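Structural overview
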Amino acid sequence: MNLQRKFGAFALVALLVLALVPDADAQRRRARRAPAAPPTPAIAQHVTIMDGASGAILSCENCEAPIPPASMAKLMTVLIVLERLRAHEITMDTRFRVSEYAWREHGAMSSGSHMFLPVNAEVAVRDLLQGAVIVSANDACVVLAEGIAGSEEAFVALMNRRAAELGLRSARFSNVTGVDHPEQRISSADLARLARHLIMTYPEFYPVYSRRQFTFNNRTQMNRNPLLGAFTGADGVKTGHTDESGYGLIGSAVLNGERRIIVFNGLPTMASRNSEAQRLMRSAFNDYAIFEIASAGDAVGEAQVRLGGRRTVQLLAKEDIRVLAPQSVRAGLTAHIEYSGPLRPPIARDQVVAHLVVEGPDFETQRFELVAERNVGRANWFARAFEGLRLTLFGP
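So, here's what we can say about the structure. Since we're looking at a predicted model, the values are computed, not measured. (Residues numbered from 1 in each chain as written. Predicted model: local features only at pLDDT ≥ 70, side-chain atom pairs only at ≥ 80, totals over all residues. Heavy atoms only, no water.)

Things to note about the overall build of the protein
Within the protein one finds ten helices and 18 strands. Relative to its full complement of 396 residues, the protein shows a buried share of 45%. Sequence-distant contacts in the protein: of pairs separated by 6 or more residues, those separated by 24 or more amount to 63%. (Helix = DSSP H or I, 4+ residues; strand = E, 2+ residues; numbered from the N terminus. Buried < 20%, exposed > 50% of the residue type's maximum accessible area, 1.4 Å probe, protein only. Contact = heavy atoms within 4.5 Å.)

A look at helix H6 (residues 138-149)
Here H6 contains twelve residues, and its C-alpha end-to-end distance of 16 Å stays within 8% of the 16 Å for a straight helix at 1.5 Å per residue. Of all twelve residues in H6, nine are buried; the element is thus mostly enclosed. Along H6, the residues classified as buried are Asn138, Asp139, Ala140, Cys141, Val142, Val143, Leu144, Ala145 and Glu146. Those residues of H6 that are buried are in contact with helix H3 (74-86), strand S4 (95-97), helix H4 (100-106), helix H5 (125-134) and helix H7 (152-165). (Expected span 1.5 Å × (residues − 1).)

Some words on the pairing of strand S8 (residues 219-222)
As judged from the four bridges shared by strand S7 (residues 213-216) and S8, these two strands associate in the antiparallel manner. Of the residues in S8, the one forming a bridge with Phe214 is Gln221. (Pairing = 2+ DSSP bridges.)

Considerations on the packing of H3 against H6
In a pair of packed helices, the angle between the axes and the distance between the axes together describe the arrangement. Direction vectors running N to C along H3 and H6 enclose 40°, while the axes themselves pass 11 Å from each other. By the angle between their axes, H3 is oblique relative to H6. Judged by the twist between their axes, the crossing of H3 over H6 is left-handed. Listed contacts from H6 to Lys74, Thr77, Val81 and Arg84 of H3 are Asn138, Cys141, Leu144 and Ile148. Tallied by class, residues from the contact of H3 with H6 come to four nonpolar, two polar and two charged. (Axes fitted to C-alpha atoms, helices over the stretch in contact; angles between N-to-C directions. Parallel < 35°, antiparallel > 145°, perpendicular 65-115°, else oblique. Left-handed = near helix turned anticlockwise from the far one by under 90°. Nonpolar A, V, L, I, M, F, W, Y, C, P; charged D, E, K, R; others polar.)

Some thoughts on the environment of Pro118
Here Pro118 shows up in the loop between H4 and strand S5 (122-124). Residue class for Pro118 comes out partly exposed when judged on its relative accessible area of 33%. Sequence separation of Pro118 and Ala102 is 16 residues, and the distance between their C-alpha atoms is 9.7 Å.

Structural notes on the sheet that holds strand S13 (residues 299-304)
Spatial strand order, S13-S14-S18-S17-S16: five strands in an open sheet with antiparallel pairing. Bordering the open sheet on either side are S13 and strand S16 (334-338), each of which pairs with just one other strand. Ignoring strand direction, the axes of neighbouring strands in this sheet form an average angle of 35°. Across three bridges, strand S14 (residues 312-317) lies against strand S18 (residues 363-372) in antiparallel orientation. Among the inter-strand pairings, Leu315 is bridged to a residue of S18, identified as Ala372.

Overview of the environment of Gly107
Position of Gly107 relative to the elements: it lies in the loop between H4 and S5. Residues Gly107 and Pro118, eleven residues apart in the sequence, show an inter-C-alpha distance of 8.4 Å. Excluding residues within four positions of it along the chain, Gly107 makes contact with Ala102, His114 and Asp139.

Examining unusual backbone geometry
Phi is mostly negative for residues that are not glycine, and the peptide bonds are mostly trans. Between Gly341 and Pro342 the backbone carries a cis peptide bond, its omega angle lying at 5°. Turning to its location among the elements, Pro342 is positioned in the loop between S16 and strand S17 (352-360). Each neighbour pair has its own omega, and for Pro345 with Pro346 the value is 5°, a cis peptide bond. Positionally, Pro346 belongs in the loop between S16 and S17.

Brief notes about the pattern of salt bridges
This structure, assessed with the given rule, holds 16 salt bridges. When the shortest N-O distance is used, the salt bridge between Arg162 and Glu165 registers 3.1 Å. On the criterion of helical spacing, the pair formed by Arg162 and Glu165 is a turn pair, its members being three residues apart in helix H7. Because the salt bridges share partners, they merge into one network encompassing Asp51, Glu258 and Arg260. (Salt bridge = Lys/Arg side-chain N within 4 Å of Asp/Glu carboxyl O.)

Focus: the state of the cysteines
Applying the stated rule across the entire model yields one disulfide. Here Cys60 connects covalently by a disulfide to Cys63, the sulfurs 2.0 Å from one another. Taking the sign of the torsion about the S-S bond as the criterion, the disulfide between Cys60 and Cys63, at about -100°, is left-handed. The class of Cys60 is partly exposed, set by a relative accessible area of 43%. (Disulfide = S-S within 2.5 Å.)

What follows is the structure, encoded as structure tokens:
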């Protein structure tokens with residue numbers, strides 16, 4: 001009887017366990033019916049948004065951290081070539097030979113971007129530059145480097161020297177193509193500074209960056225910049241992609257006379273790069289504004305002068321005073337004049353003697369130079385003596 005009760009209890013427990021175990025087929029059916037979770041949106045990394053006119057950085061998301069630049073490094077390669085052209089060391093019609101190294105390692109025999117340069121062919125600088133800019137041709141970059149400096153290594157030394165001269169402190173180049181190398185790094189902020197320098201210094205060449213396609217040797221390839229033709233006013237500049245860098249972009253556009261430059265990398269697909277490029281460029285124009293405070297030469301205020309021929313001097317804006325800020329902080333901005341004073345004569349006309357300081361919550365303080373409106377000499381001996389007596393008796 002005892003044994004039967006125990007067995008009965010065991011059987012009851014077993015039945016309960018089986019009843020609680022989910023049916024495997026039912027699980028699979030439910031899994032098939034359940035909608036898949038949406039993928040996490042890809043967000044650009046190391047973002048820089050820059051005002052093209054002033055070079056001011058409007059938004060920085062880890063933008064000073066050195067990153068692998070991929071083909072965005074080609075901006076420096078192209079800059080060195082443009083400088084040699086301007087110095088008349090070469091011309092657009094100068095022809096360079098395609099070495100076996102350029103052909104085999106970076107041309108049609110490679111998996112990287114190229115313009116199908118035939119080995120041992122003599123190719124004009126004009127075509128090589130277009131290939132490097134429009135279709136990101138690695139073989140063109142190597143041929144240019146070897147033709148100008150004798151070797152890629154020697155050309156890279158020129159790139160690093162020029163980067164240092166331009167103040168691109170994060171830049172370290174190891175090749176002319178941007179292919180992954182553990183020591184090749186530059187921040188997105190420095191890439192923006194480099195792009196701005198190229199745009200402003202070589203306006204006659206920069207339109208090449210806006211060309212949608214390039215044909216060489218009966219082969220037509222498209223420019224992969226996703227902003228061209230898709231964002232109003234977009235006119236450059238360079239895409240980049242490697243396994244280490246992900247998909248990235250240096251983009252630039254002009255709307256209503258204002259230029260913005262964006263830089264980012266780290267995206268997993270070309271499609272995500274395209275959508276982030278559109279989003280960031282819209283933000284660059286819609287979320288940030290330029291506020292005009294004064295034009296160059298406008299009177300902004302006055303400063304006190306001690307022991308001078310005049311007791312005050314007007315302060316003029318040395319240059320146009322334009323404040324770049326997110327739209328959201330505009331209402332909280334304030335401005336005041338700072339100088340070490342009263343000023344001591346002699347004071348020369350156009351001498352910088354003060355600053356207009358603009359500051360506010362969630363805003364990086366900006367300072368603008370103010371100059372004296374006129375010469376101010378020292379007061380005569382009687383005025384200086386009287387002022388000295390006044391200070392002794394009453395204080396400043």
